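The residues making up each chain are set out below.
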Number of protein chains: 2
Amino acid sequence: MAPPDTRTQILDAAEHLFAERGFRGTSVRAITDLAKVNLAAVGYHFGSKAELMAAVARRVVAPINAAQSAGLDRLLARTSEPTVAELVEAFAGPMFDGMRAGDENGARTSRLIVTIICDPAKEARSWTGPAESEIRGRFQTAFQRALPHLTEGELWFRIRGILAVAAVDRIEVYNQPGSAGHSTPGGEAARSWAITFLAAAMSAPPTPS
Amino acid sequence: MAPPDTRTQILDAAEHLFAERGFRGTSVRAITDLAKVNLAAVGYHFGSKAELMAAVARRVVAPINAAQSAGLDRLLARTSEPTVAELVEAFAGPMFDGMRAGDENGARTSRLIVTIICDPAKEARSWTGPAESEIRGRFQTAFQRALPHLTEGELWFRIRGILAVAAVDRIEVYNQPGSAGHSTPGGEAARSWAITFLAAAMSAPPTPS
DNA sequence: CCCTCATTCATACGTTCGTTTGAATCATAC
DNA sequence: GTATGATTCAAACGAACGTATGAATGAGGG
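Calculation notes
Residues numbered from 1 in each chain as written. Chains lettered and ligands numbered in written order. Predicted model: local features only at pLDDT ≥ 70, side-chain atom pairs only at ≥ 80, totals over all residues. Heavy atoms only, no water. Helix = DSSP H or I, 4+ residues; strand = E, 2+ residues; numbered from the N terminus. Buried < 20%, exposed > 50% of the residue type's maximum accessible area, 1.4 Å probe, protein only. Contact = heavy atoms within 4.5 Å. Areas by Shrake-Rupley, 256 points an atom, 1.4 Å probe, with all protein chains shown as cover. Buried area = accessible area lost by both parts, 1.4 Å probe. Salt bridge = Lys/Arg side-chain N within 4 Å of Asp/Glu carboxyl O. Polar contact = N/O pair within 3.5 Å; in protein donor to acceptor, adjacent residues only side chain to side chain. Nonpolar A, V, L, I, M, F, W, Y, C, P; charged D, E, K, R; others polar. 1 Å grid on protein atoms, 1.4 Å probe; cavity = no way out; pocket = protein on both sides within 12 Å on 5 of 7 lines; lining within 4 Å. Points joined across faces, edges and corners; volume = space filled by probe spheres on them. Near = heavy atom within 4 Å. Axes fitted to C-alpha atoms, helices over the stretch in contact; angles between N-to-C directions. Parallel < 35°, antiparallel > 145°, perpendicular 65-115°, else oblique. Left-handed = near helix turned anticlockwise from the far one by under 90°. Least-squares fit on C-alpha atoms with pLDDT ≥ 70 in both.

(A) Structural context of the overall build of chain A. Along the backbone of chain A there are ten helices and zero strands. Each of the 209 residues in chain A was classed as buried or not, and the buried ones make up 53%. Here the contacts in chain A between residues at least 6 apart in sequence split such that 71% fall between residues at least 24 apart. In the form shown here, chain A has an accessible surface area of approximately 9,200 Å², with 56% of it arising from carbon and sulfur atoms.

What follows is the structure, encoded as structure tokens:
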């Protein structure tokens, strides 16, 4: 009953290729070639290419969502109110975990998230499931309490800013490797840099009308 | 010699569809159908689908690059050193211009830029040409002077953060329209919100080692 | 041993894709 | 009017795509 190997081999290969060339840019044949399984195995185990993508997305996003949720729970269980910096850490931090310096796999994971978020297809919206937006809503109310002077619109804008920085930050590095001698920042540094950057951004005073 | 009409009709239709469905998600036939021109016109006027995309990208990015360059020139021509906020305004501001509130075309433009930046294909890197990275380099040295305490790596990370926010900020709005009653921010508000957000982020103290 | 059921396999189907072709059409200059 | 060069057109090309099919294969229980 338990999947022997083929299923995860397909998931691994699909994650690799989807991250590197996007959903539409990756053919089922390329996946099965890389996974060294038969072409029809995708249809057998997942039903269709889109459902395979959904499975890949779930596998990647699930631990991030879990870490975000746990982090927020921990902050809310305390007696003192969480600070903006703590909320940023709990929200953005997990997106950088699992992609430590030199971890090629981590870079791919990050790239895959970008692919999912940026994909213009409507199907892409159903890849990650509703858990993600639910967690986002919980963080929104937490941020709202920590930043009561912000309008809902501007707060929402800033939360999207966090997502943007967390998702896109590796694109440039990935796309033009070793371009102008910019040493690729390890995931280690990227994580703390992002927290600094985003905590300051979130704490900014509201924009005058 | 001057292109009569077909050429720009194709460019308009291609800009529309590339922004909405991405490069790979848009077929040449869909473009020529929308433009109401013959299928072969793309090959005749542009050579290939990829070269058409490059033309579309150039047409969209050129005015942004020009505005960025002019803004930086204006700041550097003054006697006083430009502030971080001024540099952010000059760098990020033009990315939000031309997409004022209710301007459907502006939202598409923004969406197209995201498509270009996020596209995983290697060809996408040649779509905008070298002008963009050259301007980015000029801003980098200007930021370096305004933020002398930042390491080159962290500064580079923050500049990428600006690009991320400017590029991705409209994705969510575009993808789940009227999701949870979040009033879509007009381009007007988004522009000033982004400047506030990014100026604070850029001005953050350096991350401790 | 053989039946069963899950999995793997080679192969094919129908569609859509980007691109090409060669004739038809048009404007313009002689 | 007719020749010329640029443009538009209908049609087709081969390739690659996602998916479906039915036979082969393998392991485990009767």
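(B) Up close: the interface of chain A and chain B. Across the boundary between the two partners, chain A contributes 47 residues, which contact 48 residues of chain B. Summed over both sides, the interface of chain A with chain B buries roughly 4,100 Å², with 68% coming from carbon and sulfur. Counting the surface chain A buries against chain B, the share from its top three residues, Phe 157, Trp 193 and Phe 197 of chain A, is 18%. Linking chain A with chain B are zero salt bridges. Viewed at the interface, chain B and chain A are joined by two residue pairs in polar contact (both at pLDDT 80 or more). Breaking the side of chain A that touches chain B down by element, the ones donating at least two residues are α1 (6–21), α6 (104–118), α7 (131–146), α8 (152–168), α9 (171–175) and α10 (187–202) of chain A. Of the residues forming the side of chain A that touches chain B, the biggest block, twelve residues, is contributed by α8 of chain A. Class assignment of the residues belonging to the side of chain A that touches chain B gives a composition of 22 nonpolar, eleven polar and 14 charged.

(C) Structural view of empty space enclosed by the protein. Overall, the coordinates contain five cavities of 30 Å³ or more when judged by the stated rule. Quantified by volume, the largest cavity comes out at close to 250 Å³. Residue lining of the largest cavity: 20 residues in total, with Gly 22, Asp 119 and Pro 120 of chain A together with Asp 119 and Pro 120 of chain B positioned closest to the centre. For the lining of the largest cavity, the secondary-structure elements that each account for two or more residues are α6 of chain A together with α6 (104–118) of chain B. Broken down by class, the residue content of the lining of the largest cavity amounts to eight nonpolar, six polar and six charged.

(D) Region of interest: the protein's contact with DNA strand C. Neighbouring DNA strand C are 15 residues; Thr 6, Tyr 44 and His 45 of chain A together with Arg 29 and Lys 49 of chain B lie closest to it. Backbone atoms, meaning sugar and phosphate, form 48% of the atoms of DNA strand C found within 4 Å of the protein. The separation between a phosphate oxygen of DNA strand C and a polar side-chain atom of Tyr 44 of chain A is 2.7 Å. At a separation of 2.7 Å, a base oxygen of DNA strand C approaches a polar side-chain atom of Arg 29 of chain B. Residue assignment for the surface near DNA strand C shows that the elements contributing at least two residues are α3 (40–46) of chain A together with α2 (28–35) of chain B.

(E) Quick peek at the pattern of salt bridges. All names here are of chain A. What the rule picks out here adds up to 16 salt bridges over all chains. In this structure, Arg 59 engages Glu 15 in a salt bridge whose closest nitrogen and oxygen atoms are separated by 2.9 Å. Of this pair, Arg 59 sits in helix α4 (residues 49–77) while Glu 15 sits in helix α1, and the two are 44 residues apart along the sequence. Here Asp 73 and Arg 138 are joined by a salt bridge, their closest N and O atoms 2.6 Å apart. Taken as a pair, Asp 73 in helix α4 and Arg 138 in helix α7 lie far apart in primary sequence, 65 residues in all. Relative accessible area serves as the criterion here: at 39%, Asp 73 is assigned to the partly exposed category.

(F) Geometry of the packing of helix α4 (residues 49–77) of chain B against helix α5 (residues 84–96) of chain B. Residue and element names in this part refer to chain B. Relative orientation of the contacting elements α4 and α5 amounts to 165 degrees, with a least axis distance of 8 Å. Classified by the interaxial angle, the pair formed by α4 and α5 is roughly antiparallel. Our pair here, α4 against α5, has a crossing hand that is right-handed. Here α4 contributes Ile 64, Ala 67, Gln 68, Gly 71, Leu 72 and Leu 75 to the contact with α5, which in turn contributes Glu 86, Leu 87, Ala 90, Phe 91, Pro 94 and Met 95. When its residues are assigned to classes, the contact of α4 with α5 shows nine nonpolar, two polar and one charged.

(G) Expanded view of α2 of chain B. All names here are of chain B. Of all the positions in α2, only Ala 30, Ile 31, Thr 32 and Ala 35 are classed as buried. Buried positions along α2 lie against α1 (6–21), α3 (41–46) and α4. Directly beyond the C-terminal end of α2, a positive phi value near 55 degrees is found at Lys 36.

(H) Expanded view of the packing of α5 of chain B against helix α7 (residues 131–146) of chain B. Residues and elements named next belong to chain B. Axis separation between α5 and α7 bottoms out at 10 Å; the angle between their running directions is 170 degrees. Here α5 is positioned roughly antiparallel relative to α7, judged by the angle of their axes. Crossing handedness for the pair α5 and α7: left-handed. Every residue of α7 that contacts α5 at Val 84, Leu 87, Val 88, Ala 90 and Phe 91 is listed here: Arg 136, Phe 139, Ala 142, Phe 143 and Ala 146. Per-class residue counts for the contact of α5 with α7 are nine nonpolar, no polar and one charged.

(I) Up close: the environment of Leu 75 of chain A. All names here are of chain A. Within the secondary structure layout, Leu 75 lies in helix α4. It is 8.4 Å that separates the C-alpha atoms of Leu 75 and Ala 90, two residues lying 15 residues apart in sequence. Discounting chain neighbours no more than four positions away, the residues touching Leu 75 are Ser 80, Pro 82, Glu 86, Leu 87 and Ala 90.

(J) Quick look at the relation of the copies chain A and chain B. Mapping chain A onto chain B leaves a residual RMSD of 0.1 Å; the transformation is a rotation of 180 degrees accompanied by 0.0 Å of translation along its axis. What the rotation and shift describe, once combined, is the action of a two-fold rotation axis. Within chain A, the C-alpha atom positioned nearest to the axis of rotation is that of Ala 201 of chain A, 2.2 Å from it. The fraction of interface residues of chain A whose copies in chain B are also interface residues reaches 100%, indicating that both copies meet through the same surface.

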